[in-house]
Amino acid sequence: MILYLDVDGVLIPGPDDQGDPPPTHDIHHVTPTGYDKPIKVWLNPHHGPQLAALVADTGLTPVWCTSWRQDASRLIAPCLGLPDWPHVSLPRLPLTTSHPNGYLWKRDHLIQHAAGAPFVWIDDDFTSADHEWAAARVAGGQPTLLVQPQHRVGIQPQDLWTVRTWVSTHRSDGWRQQAEH
Ligand SMILES: [Mg+2]
């Protein structure tokens, strides 16, 4: 079972009306691939240990699914003390919206990556079409959980508990055995 994790709006919440990050988050300066100078990001130092514990306790396989792509592991993870996780190879499309077809553009690429495995997907940018799609997957017997933090708030402890509860429910249903095949 896979845990797909977004960065912007999840680990890096959007700034407030004054352009400021939440007081819970520390400022870092990182230079993304293709940039010639650093940009400012903000991260909550508690999120690293919380996510590491989530992965250790649930057995979920963490995979970044973010427009940060490989920079999530290269730049974001070290700020949080997280190890080198794989990422979904998202193409660089000339998108003007996150939902060019009414649903989150990452979705088709994530499905390819998941290759039928059950998954949890944490992203701030789902539409109602994504939630309907996830419900249809569940109805079809494919365990799927979408967790959607608010963009300006980011991931919260209750989101992680939602994931833990869901995993423990499905573990008792025997998903682990299915996932290992
Ligand atoms: Mg996002």
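We now examine the overall build of the protein chain. Secondary structure assignment for the protein chain yields six helices and six strands. For the protein chain, the succession of helices and strands along the chain, N to C, is β-β-β-α-β-α-α-β-α-β-α-α. Whereas a compact globule of 181 residues would reach a radius of gyration of roughly 16 Å, the protein chain reaches 16 Å, a difference of no more than 12%. Projected onto its principal axes, the C-alpha coordinates of the protein chain cover approximately 45 × 35 × 30 Å.

Under the criterion given, the structure shown has five aromatic pairs. A ring pair is formed by Trp121 and Trp133, whose centres lie 6.3 Å apart and whose planes are at 90°; its orientation type is edge-to-face. Highlighted residues: Trp121 in strand β5 (residues 119–122) and Trp133 in helix α4 (residues 128–139), separated in sequence by twelve residues. The burial state of Trp121 is the same as that of Trp133; both residues are buried. Just above the ring of Tyr103 sits the side chain of Arg107; from NZ or CZ to the centre is 3.9 Å.

Along the chain, Lys106 falls in the loop between α2 (70–80) and α3 (107–114). When near neighbours in sequence (up to four residues on either side) are disregarded, Lys106 contacts Asp6, Cys65, Thr66, Ser67, Leu90, Trp121 and Asp123.

Further remarks concern α4. Taking 1.5 Å per residue as the helical rise, α4 with its twelve residues ought to reach 16 Å, and the 16 Å between its terminal C-alpha atoms agrees with that figure. Tucked into the core, α4 has its buried residues touching α3, β5 and β6 (144–147). The distance from a side-chain oxygen at the start of α4 to the backbone nitrogen of Ala129 is 3.1 Å, and the residue carrying that oxygen is Thr127. Of the residues one or two after α4, Gly141 is the one with positive phi, at around 90°.

Protein coordination of the magnesium ion is provided by Asp6 (OD), Asp8 (O) and Asp124 (OD), with donor distances spanning 2.1 to 2.2 Å. Expressed as a motif, the donor residue spacing for the magnesium ion is D-x1-D-x115-D. Given a relative accessible area of 3%, Asp6 falls into the buried group. The exposure class assigned to Asp8 is partly exposed, which follows from its relative accessible area of 32%.

The strand order β4-β1-β5-β6 describes an open sheet built from four strands, whose pairing is parallel. Two strands in the sheet have a free side with no partner beyond their single neighbour: β4 (61–64) and β6. Averaged over all adjacent pairs, the angle separating strand axes in this sheet is 15°, with direction ignored. When strand β1 (residues 2–5) meets β5, the two strands line up parallel, connected through four bridges. Bridge assignment links Ile2 to a residue of β5, and that residue is Phe119. Across the sheet, α4 lies against β5 and β6, angled at about 155° from β6, the strand it touches most. Seen against the sheet, helix α5 (residues 157–172) touches β5 and β6 and runs at an angle of roughly 175° to β6.

Quick look at the nonpolar core now. Membership of the largest hydrophobic core comes to 33 residues, with the highest contact counts inside it found for Leu11, Trp64, Trp68, Val120 and Ile122. Put simply, the parts of the chain that give this core at least two residues each are β1, β3 (39–43), α1 (47–58), α2, β5, β6 and α5. Here this core takes five residues from α2, the largest share from any one element. With sequence-adjacent residues up to four places away left out, Leu11 is seen in contact with Leu5, Asp6, His25, Trp42, Leu43, His47, Leu51, Trp64, Leu80 and Ile155.

Cut-offs applied
- Each chain carries its own residue numbering, running from 1 in the direction its sequence is written.
- With the structure being a predicted model, the display of local features is reserved for residues of pLDDT at least 70 and the display and counting of side-chain atom pairs for 80 or more, all residues being used for whole-chain, interface and lining totals.
- Hydrogen atoms and water are omitted, and side-chain values are computed over all heavy atoms in the structure.
- Elements are defined by DSSP. Helices are runs of H or I of four residues or more, strands are runs of E of two residues or more, and each kind is numbered from the N terminus.
- Throughout, the radius of gyration refers to the C-alpha atoms, and the reference size of a globule is 2.2 Å times the residue count to the power 0.38.
- Any two of the Phe, Tyr and Trp rings considered here, Trp counted by its six-membered ring, make a pair once their centres fall within 6.5 Å; the pair's planes then place it as stacked at under 30 degrees, edge-to-face at over 60, or tilted in between.
- Summary of the burial criterion: residues with accessible area below 20% of their type's maximum are buried, those above 50% are exposed, and those between are partly exposed, where the area comes from a 1.4 Å probe applied to protein chains only.
- Lysine NZ or arginine CZ positioned within 6 Å of the ring centre and within 35 degrees of the ring normal marks a charge as sitting over the ring.
- Between two residues, a contact is recorded if the distance between any of their heavy atoms is within 4.5 Å.
- Between the first and last residue of a helix there are one fewer steps than residues, each counted as 1.5 Å, and that sum is the expected span.
- Definition of a polar contact: a pair of N or O atoms within 3.5 Å, with one able to donate and the other able to accept a hydrogen when the atoms are protein atoms, and with sequence-neighbouring residues admitted only if both atoms are side-chain atoms.
- Think of the donor list as every N, O and S atom within 2.8 Å of the metal, or within 3.2 Å for Na, K and Ca; water never makes the list, so a site can look incomplete.
- DSSP calls a pair of strands paired once it identifies at least 2 bridges connecting them.
- In this analysis an axis means a line fitted to C-alpha atoms, helices contributing only their contacting stretch, and an angle means the value between N-to-C directions, from 0 to 180 degrees.
- Residues enter a nonpolar core if they are buried and are Ala, Val, Leu, Ile, Met, Phe, Trp, Tyr or Cys, with the set joined through side-chain atoms within 4.5 Å.

Note that all results are geometric; they support no functional claim without further evidence.
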